[in-house]
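Notes for the structure review
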Amino acid sequence: MKTRFLARTFAILLFASPLALAKPQNAADSPASQRLTPEQALNLHRISDLRFSPDGARLAFTVSEPPKATNNSQHIWMMDVATRQVRQYTFSEKTDNSPRWSPDGKFLAFLSNRDEFRQIYLMSSNGGDAYAITEGKRNIGSFEWSPDGKQIAFVAPDEPTAAEQKKEKDKDDAIVVDHDNKHARIWILDVATKKVRALTDEKWQVREAQWTPSGDSLIISATDHPESDDDTDRIFSVDTTNGKMSLLFAPKGPFGGIRVSPDGKQFAYIASRVDGPEPTDIYIRSIDAPPTQPSHNLTSTSLDRPMNGIEWRPDGSLMAVAETGFKTTLYSIAVDGSAKIIDNISPNPRAFAVAPSGAIAFVGGTAMAPPEIYLASANGSPERVTHLNSSWDSVILSKPSFFHYRSFDGLEIEGELLKPLDYSGSGAMPLVVLVHGGPTGAWSDSVDTWGQLLAAHGFAVAYFNIRGSTGYGEKFVEMNRADWGGADFKDVMAGVDYLVEQGIADPNRLGIGGWSYGGYMAEWAITQTNRFKAAVSGAGMVDLVAEFETENGPSYDKWFWGLPYNNSEDMLKHSPYLYLKNAHAPILILQGQADTTDPLGQSTGLYRGLKFYGAPAELVEYPRENHGFHEEKHQLDRLNRIVAWYQEHLK
């Protein structure tokens, strides 16, 4: 699979040693306060894709609404920078996202599926009626205005032919794998006439495209081997008049986030340091450099932390967010690789945008404060300018404490602890350990609804960024390569031991849970030790060989294990199914039936094996759901089941 990051909607969080026992938090602290409920846990607005207008006077952004029934809608919102007034800009019943200003600032284009297929819509920047400027029975993936505003380049597959539409209507729709797929390619739209022409050949699959400032070419990532299970994308320059492609570079491993410099002489992108498993470092290269010349890694030495988002500044430097343990930090990075923190940009910036004036808008939040937009003038302190999640203001959340402990081999691990809201301040508590997805994921200082719900129901919750997590350097990421369930599991148990020794965790009331890789670790834990009395596995993995054979995008697992066809012993040795006879703890198994990341067979295989050995297990399948759930009732059911499971078996 490409990634197993655990969505924050589920879990989709001070250094102190020993841990200080905080004053108890309870509902009496405020007459208007309330405990977190599953319904409130879903009532979270998420903010992304911040875009300043060309003059910096307005900010457009996308807001993901809480789920309603089977619908997950998004809308475009707008903020007036001078007055700080925020208003909703689009109101369709479906999804509007990806706001892009025209170069003159008079129009805002965006993607919408309000008429079934996702098309580009145009609207006056002052509001009014939106109208589609593309059409067809296909979904547009992304788009960008040309520098002169006369054209738009977009990424989309070909429309189905009349014969293909007839076959689909007649249910004569057999698919030849790797042959019948329609690949997304580059199209050029003339904004005035709405005429569209294909720029790249249909054999190419294009993932992203950026205009050069001159407007005569695009920098794209593309592959002519989309059937490959390896990372075969390369970086090309494409002439926008005739579609001629010139190879610029072929990075090893996954990459993305291409950004062309303001002078058009360089471009930056985020890629893995060697050949995987995830893009982490910022690279720059000259557009004129020969394809054999390596790109320059800006951040491997100065930061050695995963970088997210790239924005060029007028002076030729870049800005990007670095993941530093549980926190995130905004950096300015010079082309020589020197990096410095941009002061006062807190709490925990994630998505961000920079105005021509130097003002910075960013999405920030903590484990106690849901995401909102903050605005900082050049060299000024940020102020919160949105209140999209104000319904959380009256919700009591458990205040986290951050700590470090030593694992079995002396490696330092960072953790986070949520105490129960009714904790008296003394005595051991029932503890649930939550393991993040990935393994190249990490827990962060952000609201985690799964953990906060458990804290509201009397549980302590522990999060450990074990070896293999991001945010602690490349070497730390690579420490569990071909060793899932090995030293990383020992890190989990060392964290449990630490909390027991501190008098915080009751050794007789321990639970574990997680989603994806976190689900795998829960499954692994109950086959390796009897210390856990309850477990929850969401979209986990019981058989790593079968996982490789059936998942979508196995290049991620290949980086960790190699090919199972040559050597399956290691993958089998680290698969929970070989040890199911040792499992005795009750486990709740949660699985989306349409999951292509960790397919259904992994959970049904786990359940079947546990039934065979008479181990207590319950399997719940959710129709139509993929790796991340979308339907409201399914998300509520999942949260209610999780809390009830731990209550039944740990209390």
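Looking now at the packing of aromatic side chains. Under the counting rule described, the total for this entry stands at 29 aromatic pairs. Ring plane angle 75° and centroid distance 5.1 Å describe the contact between Trp-204 and Phe-236, whose orientation is recorded as edge-to-face. Here Trp-204 is found in the loop between strand E12 (196-198) and strand E13 (205-211), whereas its partner Phe-236 is found in strand E15 (residues 234-239), with 32 residues between them in sequence. We classify Trp-204 as buried; its relative accessible area is 9%.

As a further point, take the side chain of Thr-529. On the secondary structure map, Thr-529 appears in the loop between helix H6 (517-528) and strand E34 (532-538). Only 3.1 Å separates the side chain of Thr-529 from the backbone nitrogen of Arg-531, close enough to count as a polar contact. Excluding its chain neighbours within four sequence positions, the residues that come into contact with Thr-529 are Phe-489 and Met-493.

Reading across the sheet, the 4 strands line up as E21-E22-E23-E24 and stay open at both edges, with antiparallel pairing between neighbours. A single partner strand is all that each edge strand has here, and the edge strands are strand E21 (307-312) and strand E24 (339-341). Neighbour to neighbour, the strand axes of the sheet diverge by 30° on average, direction disregarded. Two elements, strand E22 (residues 318-324) and strand E23 (residues 327-333), share 7 bridges in a ladder whose sense is antiparallel. Residue pairing across strands places Val-321 opposite Leu-330, the latter belonging to E23.

Bringing helix H2 (residues 162-169) into the picture now. Of all 8 residues in H2, 0 are buried, a share of ten percent or less. Lys-171 sits one or two residues past H2 and shows a positive phi near 60°.

Moving on, we come to the pairing of strand E11 (residues 185-190). Summarising burial for E11: 5 of the 6 residues are buried, a large majority. When E11 meets E12, the two strands line up antiparallel, connected through 3 bridges. Across the sheet, Leu-189 pairs through a bridge with Val-196, a residue of E12. With antiparallel pairing between neighbouring strands as the criterion, E11 and E12 make up a hairpin whose turn holds 5 residues, including Lys-194 at a positive phi of roughly 65°.

The amide bond that connects Gly-276 to the next residue, Pro-277, takes the cis arrangement and shows omega of 0°. Locating Pro-277 in the fold gives a position in the loop between strand E18 (266-271) and strand E19 (281-286). Residue Pro-439 is reached from Gly-438 by a cis peptide bond, and omega for that bond is 15°. Residue position: Pro-439 is located in the loop between strand E31 (429-435) and helix H3 (449-456).

Here the focus is the pairing of strand E5 (residues 96-101). By the criterion of burial, E5 is predominantly enclosed, with 6 of the 6 residues buried. For E5 and strand E6 (residues 107-112), the ladder comprises 4 bridges, and the chain directions are antiparallel. The residue of E6 that forms the bridge with Asn-97 is Leu-111. The antiparallel hairpin formed by E5 and E6 contains 5 residues in its connecting segment, where Gly-105 sits at a positive phi of about 80°.

Turning our eyes to something else, we now look at the pattern of salt bridges. Evaluation of the coordinates by the stated rule reveals 24 salt bridges. Ionic pairing is found between Asp-49 and Arg-51, a salt bridge with its closest N-O pair at 3.0 Å. Note on Asp-49: relative accessible area 22%, which makes it partly exposed. Residue Arg-51 is classed as partly exposed on the basis of its relative accessible area, which comes to 25%. For the salt bridge of Arg-641 with Glu-618, the shortest nitrogen-to-oxygen distance reads 3.4 Å. Separated by 23 residues along the polypeptide, Arg-641 in helix H11 (residues 632-650) and Glu-618 in strand E36 (residues 617-622) bring together distant segments of the chain. Three or more residues joined by partner-sharing salt bridges are found here, namely Asp-49, Arg-51, Arg-100 and Glu-144.

Read across the open sheet, the 4 strands follow the order E9-E10-E11-E12; overall the sheet is antiparallel. The open sheet has two free edges, formed respectively by strand E9 (142-145) and E12, since each of these has just one partner strand. This sheet shows a mean twist of 25° between the axes of neighbouring strands, independent of strand direction. Bridging between E9 and strand E10 (residues 151-156) involves 4 bridges; their strand directions are antiparallel. Bridge pairing in E10 links Glu-144 to Ala-153.

As a further point, take the environment of Tyr-520. Of note, Tyr-520 is situated in helix H6. The class for Tyr-520 is buried, based on a relative accessible area of 0%. Between the C-alpha atom of Tyr-520 and that of His-584, which follows or precedes it by 64 residues, the distance is 16 Å. Ignoring sequence-local partners within four residues, the contact set of Tyr-520 consists of Trp-484, Gly-485, Gly-540, Met-541, Leu-544, His-574 and Pro-576.

Conventions adopted
- Residues numbered from 1 in each chain as written.
- Predicted model: local features only at pLDDT ≥ 70, side-chain atom pairs only at ≥ 80, totals over all residues.
- Heavy atoms only, no water.
- Phe/Tyr/Trp six-rings, centres within 6.5 Å; stacked < 30°, edge-to-face > 60°.
- Helix = DSSP H or I, 4+ residues; strand = E, 2+ residues; numbered from the N terminus.
- Buried < 20%, exposed > 50% of the residue type's maximum accessible area, 1.4 Å probe, protein only.
- Polar contact = N/O pair within 3.5 Å; in protein donor to acceptor, adjacent residues only side chain to side chain.
- Contact = heavy atoms within 4.5 Å.
- Pairing = 2+ DSSP bridges.
- Axes fitted to C-alpha atoms, helices over the stretch in contact; angles between N-to-C directions.
- Salt bridge = Lys/Arg side-chain N within 4 Å of Asp/Glu carboxyl O.

Keep in mind that these numbers describe shape and distance, not what the molecule does.
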